[in-house]
Amino acid sequence: MASGGELINNKQVIFKNFVEGFPKESDMEVKTSSISLKVEEGSNAVVVKNLYLSCDPYMRNRMTQSDQETDDPEFIPFTPGSPLEGFGVAKVVDSGHPNYKKGDLIWGMVKWEEYSLIENPQLFKIHHADVPLSHYTGILGMPGITAWAGFYEVCSPKKGEKVYISAASGAVGQLVGQFAKLMGCYVVGSAGSKEKVDLLKNKFGFDDAFNYKEEHDLDAALKRCFPEGIDIYFENVGGKMLDAVLLNMRLRGRIAACGMISQYNLHQPEGVYNLMNIVGKRIRMEGLMAFDYFPQYAKFLDVVLPFVREKKVVYVEDIAEGIESAPAALVGLFSGRNVGKQVVAVAKE
């Protein structure tokens, strides 16, 4: 534990108890505790001041009690009575670790609070501060690595291929679509509002987009957009959407399974009925986790940072101000309230 030094107030977002169905703001509460901004002598810990917190759909999985043992940070359940945790951008205020010094900017896993004591830090140092720091919760952080790895590494795209992205205006989908356009692919996305559909077509440069809530027949909607079928599907939704896509995949198509947000709040997951298409069409469907690609972060930055600097890729963020806004911001992900990458701004640098 941190010891010595003056204790200061530290607002935290506390996870109250495990959740069934859709999460609510009342499943969390903002409380004030205290923390020392000094680490213990001889400790490898760091104390950081959190600047931005990332709201991500996978966090819903961690709100569910599970009997399965896992070392994967995306699936370890939150501890009731303790702060939530997730990806964030922070500044080191004290360090006993040889790899981090006071003043360093970092991104990685932090607790949802104003200041965090991190006992065994495994954090990425931010060396490029000429772009908005909030981008390290998104395009230059976990969602960016997910989009890059899922599209380039898992899907092995070729120029001219036909690409479909569900939940396409979110933190990952908006990037996959733009990466695909830069490769010369035909790109269609779906989203849940007119505003988001307009964003896909007019800001992110998608060739077409549709509001899935206005489509009574998803199979017909996909056939309208892809009369010759789909080569690459970037899967963020699951359920009925996945079922419809399987009917429209082309021979030797590829599916990168990034997430299935339609299933996270269901008591009983929906079945998928068109799986035999994987056999007949020789479809390759592969899941991916961002953590698997963290060792390739430097390679990722070499590709994506120039896109950002040269404005070849645009990135839309939905920033909620203040740690008190964090519960509403996280819950809003599951009703589609956010437009773009949902971020909570906790403090100025």
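Scroll up to find the structure.
These lines cover the structure that appears in this document, whether it is placed above or below. (Residues numbered from 1 in each chain as written. Predicted model: local features only at pLDDT ≥ 70, side-chain atom pairs only at ≥ 80, totals over all residues. Heavy atoms only, no water.)

## A short note on the overall build of the protein chain
Part 1 of the argument: Scanning the protein chain from terminus to terminus reveals eight helices and 15 strands.
Part 2 of the argument: Its C-alpha atoms give the protein chain a radius of gyration of 21 Å, near enough to 20 Å, the size a compact globule of 349 residues would have.
Part 3 of the argument: For the protein chain, the spread of C-alpha atoms along the three principal axes comes to 65 × 45 × 35 Å.
Part 4 of the argument: Out of the 349 residues in the protein chain, the part that is buried amounts to 54%. (Helix = DSSP H or I, 4+ residues; strand = E, 2+ residues; numbered from the N terminus. Rg over C-alpha atoms; globule rule 2.2 N^0.38 Å. Buried < 20%, exposed > 50% of the residue type's maximum accessible area, 1.4 Å probe, protein only.)

## Focus: the pattern of salt bridges
Part 1 of the argument: Under the counting rule described, the total for this entry stands at 19 salt bridges.
Part 2 of the argument: The partner of Asp207 in a salt bridge is Lys181, with the nearest N and O atoms 3.0 Å apart. Here Lys181 lies in helix 2 (residues 173-182) and Asp207 lies in the loop between helix 3 (194-202) and strand 10 (208-211), a separation of 26 residues in the sequence.
Part 3 of the argument: Relative accessible area serves as the criterion here: at 36%, Asp207 is assigned to the partly exposed category.
Part 4 of the argument: Residue Lys312 is joined to Glu310 by a salt bridge in which the shortest nitrogen-to-oxygen separation is 3.3 Å.
Part 5 of the argument: Several salt bridges share partner residues, and in doing so they unite Lys101, Asp104 and Lys125 into one network. (Salt bridge = Lys/Arg side-chain N within 4 Å of Asp/Glu carboxyl O.)

## Thoughts on the sheet that holds strand 12 (residues 249-257)
Across a sheet, strands are paired by hydrogen bonds formed along the backbone, either parallel or antiparallel in direction.
Part 1 of the argument: In space, the six strands of this open sheet follow the order 10-9-8-11-12-13, with parallel pairing throughout. Sheet topology places strand 10 and strand 13 (284-287) at the edges, where each strand pairs with a single neighbour. With direction set aside, neighbouring strand axes in the sheet form an average angle of 15 degrees.
Part 2 of the argument: Pairing geometry for strand 9 (residues 186-191) and strand 10, over four bridges, is parallel. From the neighbouring strand, Ala191 faces strand 10, where its bridge partner is Asn211.
Part 3 of the argument: Along the sheet, helix 4 (residues 218-225) contacts strand 8 (162-165), strand 9, strand 10 and strand 11 (230-235); its crossing angle with strand 10, the most-contacted strand, is approximately 165 degrees.
Part 4 of the argument: Helix 5 (residues 239-248) rests against strand 8, strand 9, strand 11, strand 12 and strand 13 of the sheet, and its axis sits at about 150 degrees to strand 12. (Pairing = 2+ DSSP bridges. Axes fitted to C-alpha atoms, helices over the stretch in contact; angles between N-to-C directions. Contact = heavy atoms within 4.5 Å.)

## Notes on the nonpolar core
Part 1 of the argument: By size, the foremost hydrophobic cluster in this structure holds 92 residues, and its most contacted members are Leu84, Trp107, Trp112, Leu140, Phe179, Tyr297 and Leu330.
Part 2 of the argument: With 19 residues, the next largest nonpolar core counts Val188, Phe210, Leu222 and Met241 among its residues. (Core = buried A, V, L, I, M, F, W, Y, C linked by side-chain atoms within 4.5 Å.)

## A few points about the environment of Lys348
Part 1 of the argument: Note on placement: Lys348 falls in the segment after strand 15 (341-345).
Part 2 of the argument: Here the alpha-carbon distance between Lys348 and Gly86, two residues 262 residues apart in the chain, equals 19 Å.
Part 3 of the argument: Not counting residues within four places of it along the chain, the set of residues in contact with Lys348 comprises Lys49 and Leu51.

## Section: the packing of aromatic side chains
Part 1 of the argument: Within this structure, the stated rule accounts for 21 aromatic pairs.
Part 2 of the argument: Ring centres of Tyr58 and Phe87 lie 6.3 Å apart, and the angle between their planes is 70 degrees; on these two criteria the pair is classed as edge-to-face. Of this pair, Tyr58 sits in the loop between strand 3 (46-54) and strand 4 (85-95) while Phe87 is found in strand 4, placing the two residues 29 residues apart along the sequence. Take Tyr58 and Phe87: they sit in the same class, and that class is buried.
Part 3 of the argument: Joined through ring pairs, the aromatic side chains of Tyr58, Phe87, Trp107, Phe124, Trp148, Phe291, Phe294, Tyr297 and Phe300 make up one cluster. (Phe/Tyr/Trp six-rings, centres within 6.5 Å; stacked < 30°, edge-to-face > 60°.)

## Re unusual backbone geometry
Part 1 of the argument: Even without glycine at this site, Arg252 takes up a positive phi of about 60 degrees.
Part 2 of the argument: Along the polypeptide, Arg252 turns up in strand 12.
Part 3 of the argument: Its identity is not glycine, yet Lys311 carries a phi of approximately 60 degrees, on the positive side.
Part 4 of the argument: Turning to its location among the elements, Lys311 is positioned in the loop between helix 7 (297-309) and strand 14 (317-321).
Part 5 of the argument: Among the residues examined, Lys311 registers a relative accessible area of 68% and is labelled exposed.

## So, the packing of helix 1 (residues 142-154) against helix 2
Part 1 of the argument: Remark: helix 1 packs on helix 2, axes separated minimally by 9 Å, with the N-to-C direction vectors making an angle of 45 degrees. The angle between helix 1 and helix 2 falls in the class oblique. Here helix 1 and helix 2 pass one another in a crossing that is right-handed. In this structure, helix 1 uses Pro143, Gly144, Ala147, Trp148, Phe151 and Tyr152 to contact helix 2, whose residues at the interface are Leu175, Val176, Phe179 and Ala180.
Part 2 of the argument: Residue classes in the contact of helix 1 with helix 2 are distributed as nine nonpolar, one polar and no charged. (Parallel < 35°, antiparallel > 145°, perpendicular 65-115°, else oblique. Left-handed = near helix turned anticlockwise from the far one by under 90°. Nonpolar A, V, L, I, M, F, W, Y, C, P; charged D, E, K, R; others polar.)

## Examining helix 4
Part 1 of the argument: Regarding helix 4, the residues found buried are Leu218, Ala221, Leu222 and Cys225. Each buried residue of helix 4 sits inside an arc of 95 degrees when the element is viewed along its axis, so together they form one side.
Part 2 of the argument: Against the buried residues of helix 4 lie strand 8, strand 9, strand 10, strand 11 and helix 5.
Part 3 of the argument: The N-cap of helix 4, judged by a side-chain oxygen 3.1 Å from the amide nitrogen of Asp219 a few residues on, is Asp217. (Arc of directions from axis to C-beta. Polar contact = N/O pair within 3.5 Å; in protein donor to acceptor, adjacent residues only side chain to side chain.)

## A short note on the environment of Met59
Part 1 of the argument: Residue position: Met59 is located in the loop between strand 3 and strand 4.
Part 2 of the argument: For the pair Met59 and Gly229, spaced 170 residues apart in sequence, the C-alpha to C-alpha distance is 33 Å.
Part 3 of the argument: Leave out the neighbours within four places in its chain, and Met59 touches Ser54, Phe78, Leu84, Glu85, Trp112 and Leu330.

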